[in-house]
Amino acid sequence: MVSMMSLPNMPSSRPPVLKERYHKPQTWNIKNNQRIEQKEGLTHEKTKFVKAVRPVETWRAGSLPDSATREAFKKSGGEAGVEQCELPAWDAFDRHVLRFHGYFKEAVVESNLENYRVRNVIIYYYLEDDTCHIIEPRQDNSGIPQGQLIRRHRFPAPGGGYLKPDDLRIGEDLQIYGRCIRITDCDAFTRAYFEQAGLEQAPPETAEADPFNQTRDAMKVNNAAAPRTYEKVYREVMLGGGHINADMQQFLENDRKVLRFFAIMDDLQTPQFERRPFVILFFLADDKVEIREMYPLNCGRDNFPIFFRKNKMPLGRYSVDGPQSQPRKKSEFVDGRDFYVGQEITLLTNYRFYIYDADEFTRQYFKEELGTELADRIEVQLPERAVPRAQTPPYTGYGSWDDSMSSVTHLIPKAPHKDFNKLFQHDGKILRFKARFNNPKPEDAERIFVFSFFLQDDCLSIHEPPQRNLGIVTGRFLEKAVHMNQLTGQLFKPEDLVPGNIVKVYNHEFEMLDMDEYTRKLFDDPSAHYKAYEIQAVLEKLRESMRQQFPLVRDIFRRFDMDHDGVITVGEFRKALEKFGFANMPQEFVVQLLKHFDVRGDGQVSYNEFCDKMLDEDFPVGMLKTKPPVDPSYEDGYADRAHYKVVERQETGAVRKACRILGDIVAKRENMMMRILKEFRHLTHEETVNIQQIHQALFQTGNLMEEEDIERAVVHIMPQVDLNAIPYVELFKNVRTSFHDFSSNR
């Protein structure tokens, strides 16, 4: 029979492709209950299985019978009596790596120090897939490309096949790609693996020494020479030698030791006399000098502080030496050990410096090393120079005084700022005085004037009251404004209008005669309140104003309750009255209004009490009841209770704030609690601490907290605890537990 495959390939014809197997190829398969991949071109080997210890049986059937799949699993060898099971190597030996140490020799042909070089390597054998790779540890300045020597793959064995763990033995050679690697040692895991497999490794061998490294080690001096003494230096000098490392010894003994002197120089070359401060630095390590100028603030000079760069400074006239100049002796240079406080020295040819102080190290060096003490600091600071200032021009009378002064003090006039606190505090306070002309004309002898001084803005107005048969038009004599007293040259003050004084305004002199009763009382007690208030009218006006601004009682209460703690104290009630236009009310009236709202009489107003006084009855049976009037009586006991509630609420807020801060430290910062507990273990061996130790531990961990706040938080979290014996572990557990109980606002 003729096969079609033997026919020649003719143009435009192709022999048929004959297959031996016409099955559908399968990529995935199952071997020993394990899914494996059997793709052509990928691998033709079966998955490597190894024996491993069966894990402890955790199946819990209870009283129910086993399922069919469970029965099949037991029949396949999954019963508890079998101690070992087969697992794929990639699962059983995952991240199991054998590590061996070794070396190989490399020939060196162009060096007279060595004939070969020893290169150390590390061999890694991965048990999961029997692959290996070799790396060479990097050495500094070796000049050899080191690192990965052979990439990871399956190494071919000398006798065929692939390398196995049994082929890696200590004391034997590994032939791989033309290199002979001597295996000298392995790690502890590798030894344990081979001992478990019944193949013990040989003891470690010492790697062969490298000739080049031996030469370098021999060049190093392991033992120091005999110590240099003064007698040895003396003998060397007597024999004609010298201490060649004299400067080096000075550098080692005095490195970073600097003498610092503070000096001044009177500069007479400038048009205006100037005293310039300097710092003279003398470096003990090399006897060099550096001078720095300390520029005062706004001195007008360019900021170049180096007056003389660090160098040796010759005595006397400073000149630049040439190549043929004779070297200077050491005694011809400036030595800082010769300086002292109070010395006037000439440096750099013609610069005269006066030393007036030295730093603490310099004083200690002179006292301990040189045996002399420097004098105390000498005061050389010049008195402050009086800066001439132009005289304030006289007030022209146009506009207000503040507007005119704004044009004087500013290049571009600005609107004057108003003192709103003064306006708010002295609103409605007017001082009235009676006056007449000083040395008047006959026709002005009977004229009387009323001075009105407004405390809220220091304005002054003069009014002339009408008189019968005076013959002069009376009325406003001086418009309300800020005016100047020409006798003092200052603006009018209340003290200038005291009866008996003489004032002058717009070339008119007045003699002050009298003041009214309100002004006299205000002079006697400036903090007193003499304005009459009708408590019931104030209450009705306050109730109506609140209803107009806020339709809901809840919003009104929130406007009064500024710290949002659920109650209104006397301080919050006063501020609310000021916002509604009732400023500068006496404390007695504020307490009476608060008492009207406070039904329980505990010194504060709750939300329910506030609603009862503000709202009418919801479902009245008869006619609407009239709200009770305000009790006009004043009780000192209730005022004390109201003040106590203010202090109590402030302390409550401080306690909440302290607990919240301590809770933020512990709960919001990772591992902060463990760091604080470690600090406590460093401070004491006991299980208890005090407030000072808690403050110190928090400070050491970077948390700043006052001792008073710490005491507030501790007493609140653990009320019965002794402040001198606080169990810190229990304390911080309670802090973390109660962290969410404290919020900033409720």
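Residues numbered from 1 in each chain as written. Predicted model: local features only at pLDDT ≥ 70, side-chain atom pairs only at ≥ 80, totals over all residues. Heavy atoms only, no water.

Caption draft 1: Looking closely at the environment of K257. Examined against the element boundaries, K257 turns out to sit in the loop between α6 (246-254) and β11 (258-267). K257 sits in the partly exposed class, given a relative accessible area of 33%. Residues K257 and F282, spaced 25 residues apart in sequence, show a C-alpha to C-alpha distance of 8.8 Å. Sequence-distant contacts of K257, that is, excluding residues within four places in its chain, are made with F282, F283, L284, A285 and F361. (Helix = DSSP H or I, 4+ residues; strand = E, 2+ residues; numbered from the N terminus. Buried < 20%, exposed > 50% of the residue type's maximum accessible area, 1.4 Å probe, protein only. Contact = heavy atoms within 4.5 Å.)

Caption draft 2: Representation of the pairing of strand β6 (residues 116-126) in the model. In terms of burial, β6 is largely enclosed, as eight of its eleven residues are buried. With eleven bridges joining them, strand β5 (residues 97-107) and β6 adopt antiparallel strand pairing. Note on β6: the bridge partner recorded for F100 is I123. In terms of strand pairing, β6 meets strand β7 (residues 131-136) through five bridges, oriented antiparallel. Across the sheet, residue I122 finds its bridge partner in β7, namely I135. Count of turn residues in the β6/β7 antiparallel hairpin: four residues, of which D130 carries a positive phi of about 60°. (Pairing = 2+ DSSP bridges.)

Caption draft 3: The arrangement of the side chain of R169 in detail. Counting through the fold element by element, R169 comes out in the loop between β8 (147-153) and β9 (173-176). A polar contact is formed between the side chain of R169 and the backbone oxygen of E200, at a distance of 2.8 Å. (Polar contact = N/O pair within 3.5 Å; in protein donor to acceptor, adjacent residues only side chain to side chain.)

Caption draft 4: Local environment of the sheet that holds β6. Spatially, six strands are ordered β8-β7-β6-β5-β10-β9 in an open sheet, and the strand pairing comes out antiparallel. Of all the strands in the sheet, just β8 and β9 have a single pairing partner and so form its edges. Averaged over all adjacent pairs, the angle separating strand axes in this sheet is 30°, with direction ignored. With four bridges joining them, β9 and strand β10 (residues 179-186) adopt antiparallel strand pairing. Bridged to I176 within β10 is R179. Sheet strands in contact with helix α3 (residues 188-196) are β5 and β10, and its direction is about 115° off that of β5. (Axes fitted to C-alpha atoms, helices over the stretch in contact; angles between N-to-C directions.)

All quantities given are derived from atomic positions and should not be read as evidence of function.
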